[in-house]
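Residue-level structure breakdown
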Amino acid sequence: MTIELEYTEEIERSTAGLYERVKHVIPEMEWPVHAPYVGAIEEWKKRQSAVILAHNYQTPEIFYGVADFTGDSLALAHKAAETDADVIVMCGVHFMAETAKLLNPEKTVLIPDMLAGCSLADSITGEDIRKLRSEYPGVPVVTYVNTSADVKAETDVCCTSSNAVKVVEALGTDRVIFLPDEYLGNYVATQTDVEVILWKGHCEVHEQFKPSDLRSLRKQYDNISIIAHPECPPNVLGEADFVGSTSQLINFVETERPERVMMVTECSMSDNVAVEFPELEFIRPCNLCPHMKRITLPKILHSLQNLQAPVEIDPAIAKRARRAVERMLEIS
Ligand code: 13P
Ligand code: SF4
């Protein structure tokens, strides 16, 4: 499915202000490809009474061009719970769309590409949790939102990277089973006295960072702030000046205004933050999430025009999974 739209003078004029804002991160020759979709998507959003939620890892033309709300997984879940739009288009990965659907069972929730998955969500099944529960009877299960509804249904409470410590401590137990991200769980264990039983799931994007790369960047650049997502391996987090969820990393840049910063996370985040802070130097490398990059402007337009692809969840599973997500939202 490729729809090609024409870049007219009128589109050039109407998107000139937007391009001025993103010109540092989108080459001029690419704008005629993106710009026609921005207007068309706006028009279809109105026709369908739709809202677009976009994760911090979406590309700048989506993040700044068409999103109504942007944020980390927690913020998007809150927004999904609050919206009164009829249709929610989730520009992110499948588990994010599923979370939005859990919170809005009566609404149409669309994901522009059904194949936008996540290596963490693929690392565990509901059956795995049932086995763990029999191994550790009575120990509550905290599940990262980066999981399927099937897994959430077996869970006591969900968490995201921005509230994981708070959720673990809110349970008031001295042990929890924390799934599926081993590295996030490891990080949580360093921040609390609660004993954390881990699973060996990893993010295929964050596990690629190496501590030696960060050490050589520190030698190469004076006054560099290295800030990392907790899905990175522990020896990478050990090299970082600050650890936080995607939105917490953005807040760090906003409040600290480091002269130079390396965001040890997905590439588009640095682009999106660089738009807001053109005076700061963003040091790469970063890694791309192939799942997040499945979402494009043409697919968003197609999604709105055809109400595709709707996220559906078995009602029996949804009922139990919703409880775990709502419990998290009550805590944070
Ligand atoms: P955040 O909740 O920090 O946005 O993380 C989601 C994610 O998938 C990071 O890889
Ligand atoms: Fe999943 Fe990692 Fe992509 Fe986030 S960056 S969606 S955890 S694969």
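Look up: the structure comes first, before these words.
Below, the structure is looked at part by part. (Residues numbered from 1 in each chain as written. Chains lettered and ligands numbered in written order. Predicted model: local features only at pLDDT ≥ 70, side-chain atom pairs only at ≥ 80, totals over all residues. Heavy atoms only, no water.)

**Quick notes on the site of ligand 1**
Every residue near ligand 1 is listed here: His55, Tyr57, Asp72, Ser73, Tyr144, Asn146, Ser161, His206, His229, Glu231, Ser245 and Thr246. Asn146 places a polar side-chain atom, nitrogen or oxygen, 3.2 Å from an oxygen atom of ligand 1. With respect to ligand 1, the side chain of Thr246 contributes an N or O atom lying 2.7 Å from an oxygen atom. Here ligand 1, which alone exposes 300 Å², has 96% of that area covered by the protein. (Near = heavy atom within 4 Å. Polar contact = N/O pair within 3.5 Å; in protein donor to acceptor, adjacent residues only side chain to side chain. Areas by Shrake-Rupley, 256 points an atom, 1.4 Å probe, with all protein chains shown as cover.)

**Looking at the nonpolar core**
Residues Ile41, Ile52, Val142, Phe178, Val253, Met263 and Ile300 are the most contacted members of the largest nonpolar core, which totals 96 residues. It is helix H3 (residues 31-48) that contributes the most residues to this core, seven residues altogether. Setting aside anything within four residues of it in sequence, one finds Phe178 in contact with Val142, Cys159, Ala164, Val168, Leu184, Gly185, Val188, Val196, Ile197, Leu198 and Trp199. Formed by 14 residues, the second largest nonpolar core is a distinct cluster that contains Ile226, Cys232, Val243 and Ile283. (Core = buried A, V, L, I, M, F, W, Y, C linked by side-chain atoms within 4.5 Å. Buried < 20%, exposed > 50% of the residue type's maximum accessible area, 1.4 Å probe, protein only. Helix = DSSP H or I, 4+ residues; strand = E, 2+ residues; numbered from the N terminus. Contact = heavy atoms within 4.5 Å.)

**Notes on unusual backbone geometry**
Following Leu179, the chain continues into Pro180 via a peptide bond in cis, with omega recorded as -20°. As for its placement among the helices and strands, Pro180 is situated in the loop between strand S7 (175-179) and helix H10 (182-191). Residue Ala309 follows Gln308 across a cis peptide bond; omega there is -15°. Along the chain, Ala309 turns up in the loop between helix H15 (297-306) and helix H16 (315-331). Here Asn223, not a glycine, exhibits a phi torsion of approximately 50°, which is positive. Of note, Asn223 is situated in the loop between helix H11 (211-220) and strand S9 (224-228). Phi is positive for Leu307, close to 50°, though the residue is something other than glycine.

**A few points about the state of the cysteines**
What the rule picks out here adds up to one disulfide. In this model, Cys267 is linked to Cys286 through a disulfide, with the two sulfur atoms separated by 2.1 Å. For the disulfide bridge between Cys267 and Cys286, the dihedral angle about the S-S bond is near 100°, and by the sign convention the bridge is right-handed. Pair noted here: Cys267 is in helix H14 (residues 267-276) and Cys286 is in the loop between strand S12 (281-282) and H15, with a separation of 19 residues, a long-range link. (Disulfide = S-S within 2.5 Å.)

**Let's talk about the sheet that holds S9**
On the basis of which strands lie adjacent, the open sheet formed by four strands has the order S10-S9-S11-S12 and parallel pairing. The open sheet has two edge strands, strand S10 (242-243) and S12, and neither has a second partner. Relative to strand S11 (residues 260-264), S9 is paired through five bridges, and the arrangement is parallel. Bridge pairing in S11 links Ile224 to Arg260. On top of the sheet, H11 reaches S9 and S11; it is set at about 160° to S9, its chief contact. (Pairing = 2+ DSSP bridges. Axes fitted to C-alpha atoms, helices over the stretch in contact; angles between N-to-C directions.)

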